[in-house]
Amino acid sequence: MDSLALCIENFISFTEMLGESPAGGCFRTENGSVAGASGVESAGENYAVFLPGATEGELSSVIGFFGVRRLPFAVPVFPGLDDKFCRTLSRHSIEKRHEYTAMALALSGVPREEDGCVTAVETQKDLGEWTQAVWLGFGGTGSPDAAAVKHAAHLASCGRNRLRFLRVDGEPVCAGLLHNSEHVCGLYYFATPPAYRRRGYAGRLLMALAAQAAAGAEELVLLATEAGRPVYEKHGFRALALVPVRMKGME
């Protein structure tokens, strides 16, 4: 499998994992496309990944799947979906909101040094700190709401996930999640609270996570936001493809 195919494989696995949440659900269409509902009322926590050849009927089934749950959802348009299907998405008011970039980092040359400030989430206190860093890093204020706390608990319970954060002077300053699929490792929920940005913390945790991923994978893959792409490029990630992200309902 090439790097882009591995990235798609990992994102499908991640979507299925979201759908394993007690408050969510998972749906697979006849052609292998996948919808995963976490139960969280944010398009960024509910995804539909369509494979080439998906039909309008399958799209309608996915829309119904999320509609019954009254959840917004996002559709990353990976290469291979043709213009006709994208026009069909538009007809169903699933419109482009962002343009992410599929990226990969070869792990063969990543240094394996341990960073003593990187903490693995193992206790409820650890999970609370990880959740707080992600909550603030993605624009939340104050303390995480009940839905975010429950969702973080699900993420931590999944054996394919490793939750890590960087603790400096007793504070969680950056967080991330490694998700293993069959052939590759992916990075998700990589976030730095505003108060700790531009201090080198994100790069420090990123390299520590890459070193941990290297223990069982040859590449680390991710979907970079528009703002995040320069950070990943700076640390050796290469762009694989642009991935427009369409949404049904607003975050």
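Residues numbered from 1 in each chain as written. Predicted model: local features only at pLDDT ≥ 70, side-chain atom pairs only at ≥ 80, totals over all residues. Heavy atoms only, no water.

Caption draft 1: Main features of the pairing of strand β2 (residues 34-37). Burial along β2 is two-sided: the residues Val34 and Gly36 and Ala35 and Ala37 are all buried. As judged from the four bridges shared by strand β1 (residues 25-28) and β2, these two strands associate in the antiparallel manner. Opposite Gly25, over in β2, you have Ala37 as the bridge partner. Connecting β1 to the next strand, β2, in antiparallel fashion are five residues, including Gly32 with a positive phi near 95°. Bridge analysis of β2 against strand β3 (residues 46-49) gives four bridges, and the strand direction is antiparallel. Bridge pairing in β3 places Gly36 opposite Tyr47. (Buried < 20%, exposed > 50% of the residue type's maximum accessible area, 1.4 Å probe, protein only. Helix = DSSP H or I, 4+ residues; strand = E, 2+ residues; numbered from the N terminus. Pairing = 2+ DSSP bridges.)

Caption draft 2: Main features of the nonpolar core. In this structure, Phe11, Phe14, Trp130, Leu155 and Tyr189 are the most contacted members of the largest nonpolar core, which totals 39 residues. Looking at which element gives the most residues to this core, the answer is helix α1 (residues 3-19), with nine residues. Every residue in contact with Phe14, bar those within four places of it in the chain, is listed here: Tyr47, His179, Tyr188 and Tyr189. One finds Val168, Ala202, Leu205 and Leu220 within the second-largest nonpolar core, a separate group that totals 29 residues. (Core = buried A, V, L, I, M, F, W, Y, C linked by side-chain atoms within 4.5 Å. Contact = heavy atoms within 4.5 Å.)

Caption draft 3: Summary view of the side chain of Asn46. Mapped onto the elements of the fold, Asn46 is located in strand β3. A polar atom in the side chain of Asn46 sits 2.8 Å from the backbone oxygen of Val40. In this structure the side chain of Asn46 is engaged in a polar contact, spanning 2.8 Å, whose partner is the backbone oxygen of Ser42. Excluding residues within four positions of it along the chain, Asn46 makes contact with Gly36, Ala37, Ser38, Gly39, Val40, Phe66, Leu71, Pro72, Phe73 and Ala74. (Polar contact = N/O pair within 3.5 Å; in protein donor to acceptor, adjacent residues only side chain to side chain.)

Caption draft 4: Structural context of the pattern of salt bridges. As enumerated under the stated definition, the model contains 10 salt bridges in all. Across the salt bridge formed by Lys125 and Glu129, the nearest N and O atoms sit 2.8 Å from each other. Of this pair, Lys125 and Glu129 both sit in helix α4 (residues 124-137), four residues apart, which is roughly one turn of the helix. You can call Lys125 exposed: its relative accessible area is 56%. Glu129 gets classed as buried once you look at its relative accessible area, which sits at 10%. A salt bridge links Arg167 to Asp126; its shortest N-O distance comes to 3.6 Å. Of the two residues, Arg167 is situated in strand β7 (residues 161-168) and Asp126 in helix α4; the sequence distance between them amounts to 41 residues. Exposure remark for Arg167: the relative accessible area of 25% places this residue in the partly exposed category. For Asp126, a relative accessible area of 9% translates into the label buried. Here the salt bridges do not stand alone but share partners, grouping Lys125, Asp126, Glu129 and Arg167 into one network. (Salt bridge = Lys/Arg side-chain N within 4 Å of Asp/Glu carboxyl O.)

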